[in-house]
Amino acid sequence: MTGARAYWRTDAACRSTDPEELFADSGGQNRAKAVCTGCPVQIECLAEALDNRVEFGVWGGMTERERRALLRRRPEVASWRQVLERARREHEQPRAG
């Protein structure tokens, strides 16, 4: 896992948030997702939830419903961490003009 952080949770934007806020009903999910915006470990968090099929809560800015839909659309993915890290690298590469 190149670039993977072993202890990503210590850098999470939600580390000081009440955990109940991250497992909110539909009305509170947007507030929970807002905590993830700009989080330095958002990709690691989302990969954790997708790779381990976490059923509840907002992880990496996605609700359980959004994660289930993504997993249904891409059942062939064995490692979401690899997919998301590759996408991050491609996004961060300077674009040739």
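Residues numbered from 1 in each chain as written. Predicted model: local features only at pLDDT ≥ 70, side-chain atom pairs only at ≥ 80, totals over all residues. Heavy atoms only, no water.

Novice: Requested: an account of helix H4 (residues 64–73), with residues and values cited.
Specialist: Among all positions of H4, only Glu64, Arg67, Ala69, Leu70 and Leu71 are buried. In this structure, the buried residues of H4 make contact with helix H2 (26–36), helix H3 (42–51) and helix H5 (80–92). (Buried < 20%, exposed > 50% of the residue type's maximum accessible area, 1.4 Å probe, protein only. Helix = DSSP H or I, 4+ residues; strand = E, 2+ residues; numbered from the N terminus. Contact = heavy atoms within 4.5 Å.)

Novice: Tell me what's going on with the packing of H3 against H4, and back it up with residues and numbers.
Specialist: Where H3 contacts H4, the axes come no closer than 10 Å and their chain directions differ by 65°. One element, H3, and the other, H4, form an angle in the roughly perpendicular class. The crossing of H3 and H4 is right-handed. Contact with H3, carried on its side by Leu46, Ala49 and Leu50, involves Arg67, Leu70 and Leu71 of H4 and no other residues of that element. Partitioning the contact of H3 with H4 into residue classes produces five nonpolar, no polar and one charged. (Axes fitted to C-alpha atoms, helices over the stretch in contact; angles between N-to-C directions. Parallel < 35°, antiparallel > 145°, perpendicular 65-115°, else oblique. Left-handed = near helix turned anticlockwise from the far one by under 90°. Nonpolar A, V, L, I, M, F, W, Y, C, P; charged D, E, K, R; others polar.)

Novice: Could you give me a rundown of the pattern of salt bridges, with the residues and numbers involved?
Specialist: This structure, assessed with the given rule, holds five salt bridges. Close ionic contact of glutamate 48 with arginine 9 constitutes a salt bridge, the shortest N to O distance being 3.3 Å. One end of the pair, glutamate 48, is in helix H3; the other, arginine 9, is in the segment before helix H1 (19–22), with 39 residues separating them in the sequence. Of the charged contacts in the structure, one is a salt bridge between arginine 88 and glutamate 44, with a shortest N-O distance of 3.4 Å. With a gap of 44 residues between them, arginine 88 in helix H5 and glutamate 44 in helix H3 connect regions that are remote in the sequence. For glutamate 44, a relative accessible area of 1% corresponds to the buried category. (Salt bridge = Lys/Arg side-chain N within 4 Å of Asp/Glu carboxyl O.)

Novice: So what's going on with H3? Which residues, and what values?
Specialist: Regarding H3, the residues found buried are Glu44, Cys45, Leu46, Ala47, Ala49 and Leu50. Where H3 is buried, its residues touch H4 and H5. Downstream of H3 by one or two residues, arginine 53 has phi in the positive range, about 50°.

Novice: Pulling in residues and values, what's your account of the nonpolar core?
Specialist: Core analysis: the largest hydrophobic core is formed by ten residues, namely Leu46, Ala47, Leu50, Met62, Leu70, Leu71, Val77, Trp80, Val83 and Leu84. Put simply, the parts of the chain that give this core at least two residues each are H3, H4 and H5. Counting residues in hydrophobic clusters, the runner-up holds seven residues, among them Ala12, Cys39, Val41 and Trp59. (Core = buried A, V, L, I, M, F, W, Y, C linked by side-chain atoms within 4.5 Å.)

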